[in-house]
Structure formats: structure tokens, C-alpha cells
Amino acid sequence: MQGLCQKIPRRTYTCVMSSDSALCILGIESSCDETGVALVDARGQGVPHLLAHALHSQIDMHQAYGGVVPELASRDHIRRVVPLARQVMAEAGRRLADVDVVAYTRGPGLAGALLVGAGVACSLAAALGKPTLGVHHLEGHLLSPFLSADPPTFPFVALLVSGGHTQLMRVDGVGRYTLLGETVDDAAGEAFDKSAKLMGLPYPGGPHLARLAEGGDALAFELPRPMLHSGNLDFSFAGLKTAVRTQLQKLDLLDNREGLARALADAAQGKPLADLAAATQAAIVEVLVKKSLAALKATGFKRLVVAGGVEANQLLREQLDRAGARRGIRVHYPELHLCTDNGAMIALAAGMRLQSGLATLSHEPVFDVQPRWDLVAA
Ligand code: KG4
Ligand code: ZN
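As the structure is a prediction and not an experimental result, all values here were calculated from the model. Residue numbers here run from 1 along each chain, matching the order of that chain's written sequence. Key to labels: chains lettered from A, ligands numbered from 1, both in the order written. Where totals are concerned, whole chains, interfaces and linings use all residues; where local detail is concerned, this predicted model gives features only for residues with pLDDT of at least 70, and gives and counts side-chain atom pairs only at 80 or more. Side-chain descriptors were evaluated using all non-hydrogen atoms of the structure, hydrogens and water having been removed beforehand.

## Regarding the overall build of the protein chain
- We count a stretch as a helix when DSSP gives it H or I for four or more residues in a row; a strand needs E for two or more, and each element gets its number in order from the N terminus. The number of helices and strands found in the protein chain is 11 helices and 13 strands.
- For a compact globule of 378 residues, the expected C-alpha radius of gyration is about 21 Å, and the protein chain comes in at 21 Å, within 12% of that figure.
- Classification of residues uses two cut-offs on accessible area relative to the type maximum, computed with a 1.4 Å probe and protein chains only: under 20% is buried, over 50% is exposed, and between them is partly exposed. Counting over 378 residues, the protein chain shows a buried share of 53%.
- Whether two residues are in contact is decided by their heavy atoms: any pair within 4.5 Å suffices. Partitioning the intrachain contacts of the protein chain with sequence separation of at least 6 by distance along the chain shows that 72% fall at a separation of at least 24.
- When charges are counted, Lys and Arg contribute as positive and Asp and Glu as negative, whereas His and the chain ends are disregarded. Every charge is mapped to an atom, namely NZ of Lys, CZ of Arg, CG of Asp or CD of Glu. Within the protein chain, the 37 negative side-chain charges are centred at a point lying 4 Å from the centre of the 36 positive side-chain charges. Each radius of gyration reported is based on C-alpha atoms, and the globular scaling rule is 2.2 Å times the count of residues to the power 0.38.

Here is the structure:
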């Protein structure tokens, strides 16, 4: 490892990848409500290979509060990260001394939660005498399909759809990202989660709303498709939540806990709620699909990468696959178990940055996090 790095001032190192010997990268993700740790081998110029990964989701813990409680999230990351790292090392059959670089999510995310991952990564690296690398969370999502059985090739359009972001990116290579459009208010995941909460569904609402929608008729309600014809590639989802509110009011289900509980418990009685869930999902998905197609048309690219938690949505996958097939467009997704936050995507992004000569490794015993961080500027 040392032989691969050129020293630059202040004990930071740019890495020049030339050797084909193993380059073990430990990745730590702790930006929100999932603690993820993974080990990849990023030797040479091939796509980094996942050796092992482990994940702990805090969903059960936050469910009682209807959303993520930042302080509880940080405390739980502290409890989980070291045991998960031990598990990953054991599953990969490696020792800590084999780790060449410790990567961590530097941002964006919850400040306290990020500090836990950064603190552990920097302490571990200092103890091992190895460098650290701070990674952009969205770059992890964006590159995560490279770990799938059907990896994309550059260039492509990326649709990033998570709980906090909805963005369309032109991706010409690692670190070569151009923002084409983004949400002006709520993210797609937020639209799912807020609508689901209004319907009395548990946090995080997206998968619950999708399940409820299975028994519903999306045409039973006419919901808006905000900014569908805006002429640009931006999104807006806040109005959809307001429309869902209005429909619930008409059904006498707004803030009606007993009514919602009855509707959710009885499929026959709950049909209008299932219809509303289906209509909400259809509205979000239609906007995401049409804007993605518009971005592909604008760039002339024939490949679309979809990443972030909302990408687990089956209707979104089906509609993108169908629309793509009609237009000769390949659609790439991460493996389903790597759709939500995880350490594998952080270790992968670190590896691909190193291979591209873009990463700046640090041996400094200091760390910083960036709770708000623009990927295009990363
Ligand atoms: O990327 P992610 O795990 O975390 C963030 O970085 O935000 O995304 C979480 C989001 C949540 O809003 C969740 O409701 C949504 O992804 N989500 C889904 C589905 N699975 C997760 N939304 C719709 N349908 C799903 N099946
Ligand atoms: Zn995420």
C-alpha cells in the first residue's frame, strides 16, 4: 500500500493504483438509521469485489416515535459498529492488519450519526497506521449497482431516490457528475413516508404503503403529478402529500386513528385506503419514470442507473423496465439487499475513487463530517 501512495503536504496522500495485489477497504456507513460495515478488495482496475458485509437496521427502535430520533440513532451506531466490524472481518476470513484503507460516510446525513462512523474509522485507522477516506453517501448509492451481477458501464443517467434526495445526474465516470434536476421540496422517499404516516402506517412508510397499494385501484383517485410538464428535470412532491390529506379528509380518515386502524385491519372496509395508497404510489412512480426518460432523451444515453431506498419499489422497477425495453434502454439496479443504506456501497465508492486516482487519503488523526454536502462538489 505504502508503495502505491505519493506523499503530498500535510500528511495526506493521493493514491496511484497500479499493483494487482489485494487492496482491502473497510467501509463504515452511519449517516442515518442503518449501521453498515463491509470489506471490499479493490485490486487493480477491476470492479471492487465484496468480501463480506453486515448491517443493523434501527427501524424497530425508531418505529415507536414515527421517525428517526437523531440522538437515539447516534447511540445505537456506537453500540453496533464494532461488533459489526468484527463480524465482517470474521466472515471475510481477514485480520484487521489486512485492512489497507478505512472508508467512512463523511456526509450528507445526521451530524451525530456521521460523527460516530467517522470517529470509529479514524480511531481504527490511527491504531492500524492506515489512511482513511471520507465518502459521499450518495456516491455510494450511485455506484452500488457496480456490485450487482449486471453492472453498468459509463456513461449513464442516474436516478437517485432516497428518503432525503431525489436527483437526476449525468454520470460520465467516477467523480464526473452533472446535476440534471432535483426536487424543489420533498424527496420521493419523503412523499412515500409522509403519505404513509397520514394513512396510519408505520415508519418508514414507503414499503408499507407499497404493500397496502397491492390491494388497491390506482385509478380510484385522481392525484396531481407535480411538475410533470415543467419543461425541466426538477421534481416537486410536497403538493402530493397535501392532496392525500384532502382525500383522507373526504374519507373522514384524517387524524382519525380508530378509523385508520379499522381500515387497515379489514381489507373490505379498508378498500378506499388501499385505493388511495395505490394512487399515491402511481403518482410518484409516474413522475420518476417520465422525468428519467426525459433525462435519457436529453443526454442521448442508453443506460439508466437507479439507486437509493425508493428503488426497492416494485412498481417503479416494473415501469422503468417496461419503458426502457421499449426504447432500447438498459436499466441497472443494485442488488435488493444493497438498496437501502449499507457499508458495501461506501467501501465500493472508496475503491472506485482510489482506482480513478481521485481519492485523497489522509493519515491525519483528525476527522470531519459534512451533514450537508453537494455530490457534484465532492
Ligand atoms: O436510501 P435510503 O435507505 O436512506 C436514505 O438515505 O434516505 O432510503 C430510505 C427511503 C425511505 O423513504 C423509505 O420509505 C424508502 O426509501 N423505501 C421505499 C421502499 N423501500 C424503501 N419507498 C417505496 N417503496 C419501497 N418498497
Ligand atoms: Zn441512503
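## Quick look at the packing of helix 7 (residues 238-250) against helix 9 (residues 271-299)
- In contact at an axis separation of 11 Å, helix 7 and helix 9 are set at 165 degrees when each is read in the N-to-C sense. Here helix 7 is positioned roughly antiparallel relative to helix 9, judged by the angle of their axes. Here helix 7 runs over helix 9; the crossing is right-handed. Contacts between helix 7 and helix 9 involve L240, V244, Q247 and L248 on the former and, on the latter, L273, L276, T280, A283 and I284.
- We call Asp, Glu, Lys and Arg charged. Ala, Val, Leu, Ile, Met, Phe, Trp, Tyr, Cys and Pro are nonpolar, and the rest, Gly among them, are polar. Across the contact of helix 7 with helix 9, the residue classes tally to 7 nonpolar, 2 polar and no charged. Note on definitions: angles span 0 to 180 degrees between N-to-C directions of axes, and those axes are lines fitted to C-alpha atoms, for helices only across the stretch in contact. When an angle is under 35 degrees it counts as roughly parallel; over 145 it counts as roughly antiparallel; between 65 and 115 it counts as roughly perpendicular; any other value is oblique. Handedness of each helix crossing follows the sense of rotation of the near helix against the far helix: counterclockwise by less than a right angle gives left-handed, clockwise gives right-handed.

## Notes on the packing of aromatic side chains
- Pairing of aromatic side chains requires ring centres within 6.5 Å, counting the rings of Phe and Tyr and the six-membered ring of Trp. Pairs whose planes differ by under 30 degrees are stacked, by over 60 edge-to-face, and all others tilted. Applying the stated criterion across every chain yields a total of 4 aromatic pairs.
- Summarising the aromatic geometry, the rings of F146 and F154 are spaced 5.2 Å apart at their centres and angled 40 degrees between planes, so their arrangement reads as tilted.
- Taken together, a centroid distance of 6.3 Å and an interplanar angle of 45 degrees make the contact between F146 and F156 tilted. One end of the pair, F146, is in the loop between helix 4 (137-143) and strand 8 (156-161); the other, F156, is in strand 8, with 10 residues separating them in the sequence. Exposure class is identical for F146 and F156. Each is buried.
- Three or more aromatic residues link up through ring pairs in this structure, and these residues are F146, F154 and F156.
- Placement of a positive charge over a ring is assigned whenever Lys NZ or Arg CZ falls within 6 Å of the ring centre and within 35 degrees of the normal to the ring plane. Positioned over the ring face of W373 is R106, at 4.9 Å from the centre of the ring.

## Thoughts on helix 5 (residues 188-198)
- Within helix 5, the full set of buried residues consists of A188, G189, A191, F192, S195, A196 and L198.
- Phi for G200, located one or two positions after helix 5, is positive at around 80 degrees.

## Things to note about the sheet that holds strand 12 (residues 330-332)
- The sheet built from 5 strands is open, its strands ordered 10-9-8-11-12 with mixed pairing. Unpaired on one side and paired on the other, strand 10 (176-182) and strand 12 mark the two borders of the sheet. With strand direction ignored, the average angle separating the axes of adjacent strands in the sheet is 25 degrees.
- For two strands to be treated as a pair, DSSP must find no fewer than two bridges joining them. Relative to strand 9 (residues 166-173), strand 8 is paired through 6 bridges, and the arrangement is antiparallel. Across the sheet, A158 pairs through a bridge with M169, a residue of strand 9.

## Observations regarding the coordination of the zinc ion (ligand 2)
- Each metal site lists N, O and S donors within 2.8 Å (3.2 Å for Na, K and Ca). With water left out of the atoms, a site can look as if it is missing ligands. Only H137 (NE2), H141 (NE2) and D341 (OD) from the protein reach the zinc ion (ligand 2) as donors, at distances of 2.1 Å.
- Mapped onto the sequence, the donors of the zinc ion (ligand 2) take the spacing H-x3-H-x199-D. Residue H137 and its partner H141 are located together in helix 4, separated by 4 residues, close to a single helical turn. Across this residue pair, the class does not change: H137 and H141 are buried.

## Examining the nonpolar core
- Counting residues in each nonpolar core, the largest one holds 53 residues, and the members touching the most others are M199, L223, L248, L288, L304 and V306.
- Elements with a minimum of two residues in this core: strand 8, helix 5, helix 6 (205-213), helix 7, helix 8 (257-265), helix 9, strand 11 (303-307) and helix 10 (314-327).
- Among the elements that make up this core, the one with the highest residue count is helix 9 (15 residues).
- Counting residues in hydrophobic clusters, the runner-up holds 36 residues, among them I25, A103, L133 and V171. We call a set of buried Ala, Val, Leu, Ile, Met, Phe, Trp, Tyr and Cys residues a nonpolar core when their side-chain atoms join them within 4.5 Å.

## Considerations on the packing of helix 5 against helix 9
- Direction vectors running N to C along helix 5 and helix 9 enclose 175 degrees, while the axes themselves pass 11 Å from each other. By the criterion of interaxial angle, the relationship of helix 5 to helix 9 is roughly antiparallel. Facing A188, A191, F192 and S195 of helix 5, the residues of helix 9 in contact are T280, Q281, I284 and L288.

## Here we look at the site of ligand 1
- Throughout, the term near means that a residue has one or more heavy atoms lying within 4 Å of the molecule or strand in question. Within the structure, ligand 1 sits among 18 residues, and G163, D193, G206, G309 and N313 are positioned closest to it.
- A distance of 3.1 Å separates an oxygen atom of ligand 1 from a polar atom in the side chain of H141.
- Counted as a polar contact is a pair of N or O atoms within 3.5 Å, where, for protein atoms, one must be capable of donating a hydrogen and the other of accepting one, and residues adjacent in sequence contribute only when both atoms are in side chains. With respect to ligand 1, the backbone of G163 contributes an N or O atom lying 2.7 Å from an oxygen atom.
- Burial of ligand 1 by the protein chains amounts to 86% of its free accessible area of 550 Å². Reported accessibility uses the Shrake-Rupley method at a 1.4 Å probe radius. Residues are deemed covered only where the shown protein chains occlude them.

## Concerning the side chain of S148
- Among the secondary structure elements, S148 is positioned in the loop between helix 4 and strand 8.
- Excluding residues that lie within four positions of it along the chain, S148 makes contacts with Y333 and E335.

## A short note on the environment of A283
- The topology assignment puts A283 in helix 9.
- Those residues within four positions of A283 in sequence are excluded, and the remaining contacts are L223, P224, R225 and L240.

## Some points on the pattern of salt bridges
- Think of a salt bridge as a Lys or Arg side-chain nitrogen and an Asp or Glu carboxyl oxygen that are within 4 Å of each other. In the structure shown here, the tally under the stated rule is 16 salt bridges.
- Among the ionic pairs, D41 bridges to R43, the shortest N-O distance being 2.7 Å.
- Residue D368 is joined to R106 by a salt bridge in which the shortest nitrogen-to-oxygen separation is 2.8 Å. Separated by 262 residues along the polypeptide, D368 in the segment after strand 13 (360-362) and R106 in strand 6 (residues 101-107) bring together distant segments of the chain.
- Here the salt bridges share partners, and the residues they tie into one network are D186, E190, K194 and K241.

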